[in-house]
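What follows is the residue order along each chain.
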Amino acid sequence: LPAGAILVNPHVFDPEDAPWRHLCSAGLVFKFVHALIKQLRAEGDDLAQQIDIRDYLDLVAMGTVADLVPLAGENRTLTKKGLEMLANTRRAGLNALFEVSGMALGNPVSPFDISFRLSPRINACGRLGDATAPIELLTSEDWLRCREVAQQLDALNKERQNIERIIAEQAEAVVETEFADAPALVLASADWHPGVVGIVASRMAIKYNRPAIVLGAEGPLWKGSGRTVANISLVDALSPCAGLMESWGGHHMAVGVSLERRQLDALREAFCRSVLQSAGTAPERELELACWLDADEVCEELFDEVESIGPFGQGNPEPVFGLSGVMIAQKPTVFGKGHCRFVLDVGRCRRLQCIAWRQGEAPPPALTPLDLAVRLNWNVWNDQRTPQLHLEAWRHAGNRLSRAAARA
């Protein structure tokens, strides 16, 4: 480091159990600025007296969720307060981003909204080119300019989605033909854009239930990202492979890597070996249930109780509940890009709406006893709040659970 430089990194000297250890960069900046303001106030600085650091919690929440750090401890507190602010944000740029994302101001904002609606549009610009537009969006007070920038980001995000879809299809073909039995995946192509391979790596990890590194070409190097599955740390798995890479870094769930092209096969072999050594065997697909519920227990009070322990994310996963022997009233209806919805009988002549993302090709059957694994969420539409189930997996009653979402 240069002489006199200050290194703000809780992973260098701080103990493992330090409450600030898992803050993301947005959280670290927030804490650092907070300390500066306190110091300046003590020195009588007038400007510091006027700044309310809590006004920035909406941005802290977005960074914390988008960066996949554990939503526990102080991260959970910052995110919970930040989500409350986001629902009624006064930032012109965020209002414009809400508009292009199909979100209504005043409605509750969830980590899902950040992960799948807001942050992809912010990140698309940096993935495909110049990353300055989101900075302008988040700092400008000019509504017309913010709206223009938000529309640009939305268009870039659609382009990113198309590129991602093509890469994912090609990556899946490579896995099926060459690496179907590999304990971990290291995939590379000179035709793949390094800016979007991280999203593809996430899809590969979910689809094949194993750690995945996906790489694109950047000059003489392979450059890309890795994502993993529960119980396998990328930091632990990649540490023995450090000598094969030019650079790498990240956390247990996501990493960025770069390496010389000649090292690709060696990294693939070493990474697979390391994953097997740390996991003991190729990871098997598992779905952990919080508990089994009787149909009569699925009530609005339970939805409220589940909501109260959020926000959910890394380190504080949303509970998944099992329902045994329930029946779908009618054949599921397919909508959108391969999703489906149906009505579920939950006893006492009550029915609940249920959504199954990416399960339109293999929906659960109607009028037959099923065991379901579901999440409990409130659906807000036109200022109406209704309980809704999100299907994670299903099986015929008494059979082994089928992780339909991952298979689809």
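The rules behind these values
Residues numbered from 1 in each chain as written. Predicted model: local features only at pLDDT ≥ 70, side-chain atom pairs only at ≥ 80, totals over all residues. Heavy atoms only, no water. Helix = DSSP H or I, 4+ residues; strand = E, 2+ residues; numbered from the N terminus. Polar contact = N/O pair within 3.5 Å; in protein donor to acceptor, adjacent residues only side chain to side chain. Contact = heavy atoms within 4.5 Å. Buried < 20%, exposed > 50% of the residue type's maximum accessible area, 1.4 Å probe, protein only. Pairing = 2+ DSSP bridges. pLDDT = per-residue confidence, 0-100. Axes fitted to C-alpha atoms, helices over the stretch in contact; angles between N-to-C directions. Phe/Tyr/Trp six-rings, centres within 6.5 Å; stacked < 30°, edge-to-face > 60°. Core = buried A, V, L, I, M, F, W, Y, C linked by side-chain atoms within 4.5 Å. Salt bridge = Lys/Arg side-chain N within 4 Å of Asp/Glu carboxyl O.

Turning our attention to the side chain of T89. Turning to its location among the elements, T89 is positioned in the loop between helix 4 (74–86) and helix 5 (92–100). Of the polar contacts made by the side chain of T89, one reaches the backbone nitrogen of R91; its length is 3.2 Å. If we skip the residues at most four places from it in the chain, T89 touches D58, L94, N95, F98 and L105.

Once that is clear, we can look at the pairing of strand 3 (residues 221–227). Most of strand 3 sits out of view: 5 of its 7 residues are buried. Examined bridge by bridge, strand 2 (residues 212–218) and strand 3 share 7 bridges and lie antiparallel to one another. Residue pairing for strand 3: A217 is matched across the bridge by W222. Taken together, strand 2 and the strand that follows it, strand 3, pair antiparallel across an intervening segment of 2 residues, in which G219 is found at a positive phi of about 65°. Bridge count between strand 3 and strand 5 (residues 254–260): 7 bridges; the pairing is antiparallel. For S225, the partnering residue across the bridge sits in strand 5 and is G256.

Right, let's get into the confidence of the model for the chain. Across the chain, the average pLDDT comes to 89, with 95% of residues at 70 or higher. Counting interchain partners and residues more than four positions distant, the pLDDT-below-50 stretch residues 400–408 has 30 contacts.

So, about the sheet that holds strand 1 (residues 185–189). Read across the sheet, 5 strands follow the order 1-2-3-5-4 without closing on themselves; strand pairing throughout is mixed. Since the sheet does not close on itself, it has two edges, and those belong to strand 1 and strand 4 (247–250), each with one partner. Looking at each pair of strands side by side, their axes are set apart by 15° on average, direction ignored. Strands strand 1, strand 2 and strand 3 of the sheet are contacted by helix 9 (residues 197–208), whose axis makes an angle of about 45° with strand 3. Contacts from helix 11 (residues 264–279) reach strand 1, strand 2, strand 3 and strand 5 within the one sheet, and its direction differs from that of strand 1 by about 160°.

Below, the discussion takes up the side chain of S189. Within the secondary structure, S189 sits in strand 1. Judged by relative accessible area, S189 falls into the buried class, the value being 16%. A polar contact of 3.1 Å, which involves the side chain of S189, links it to the backbone nitrogen of D191. Residues in contact with S189, not counting those within four places in the same chain, are L215, G216, A217 and W222.

Sheet topology note: the strand 7 (residues 321–328)/strand 9 (residues 339–345) ladder contains 2 bridges and is antiparallel. When the bridges of strand 9 are listed, I328 appears paired with L344. Adjacent in sequence and paired antiparallel, strand 8 (residues 333–335) and strand 9 are bridged by 3 residues, among which G336 carries a positive phi angle near 60°. Sheet topology note: the strand 9/strand 10 (residues 351–356) ladder contains 6 bridges and is antiparallel. Looking across to strand 10, one finds that C340 is bridged to A356.

This part is about the packing of aromatic side chains. Going through the model one piece at a time under the given rule, you end up with 3 aromatic pairs. For the pair F112 and F116, a centre-to-centre distance of 4.8 Å together with 35° between the ring planes defines the contact as tilted. Here F112 pairs with F116, and both are found in helix 6 (residues 111–128), just 4 residues apart, close to one helical turn. Geometrically, the ring pair formed by F335 and W357 is edge-to-face, given 6.1 Å between the ring centres and 65° between the ring planes. Separated by 22 residues along the polypeptide, F335 in strand 8 and W357 in the loop between strand 10 and strand 11 (370–381) bring together distant segments of the chain. Residue F335 is classed as buried on the basis of its relative accessible area, which comes to 19%.

The next subject is the nonpolar core. Among soluble globular proteins, nonpolar side chains are generally buried collectively. In terms of nonpolar packing, the biggest core is built from 40 residues, with L185, L187, M204, L215, L238 and F271 touching the most fellow members. Of all the elements in the fold, those that place two or more residues in this core are helix 8 (143–178), strand 1, helix 9, strand 2, helix 10 (234–238), strand 5 and helix 11. Discounting chain neighbours no more than four positions away, the residues touching L187 are A171, V174, V175, F179, W192, M204, I213, V214, L215 and R268.

Another aspect to go through is the pattern of salt bridges. Enumeration over the complete set of coordinates arrives at 22 salt bridges. A salt bridge links E74 to K31, with the shortest nitrogen-to-oxygen separation between them at 2.7 Å. Residue E74 is found in helix 4, and its partner K31 is found in helix 1 (residues 25–42); the two are separated by 43 residues along the sequence. Classification of E74 by relative accessible area gives partly exposed; the value is 25%. Here R91 ties to D58 by a salt bridge, and the two come within 2.7 Å at their closest N and O atoms. Note that R91 is positioned in the loop between helix 4 and helix 5 and D58 in helix 3 (residues 57–66), a separation of 33 residues in sequence. Comparing R91 with D58, the two get one shared label, buried. One salt-bridge network, in which partners are shared between bridges, spans R121, D154 and K158.

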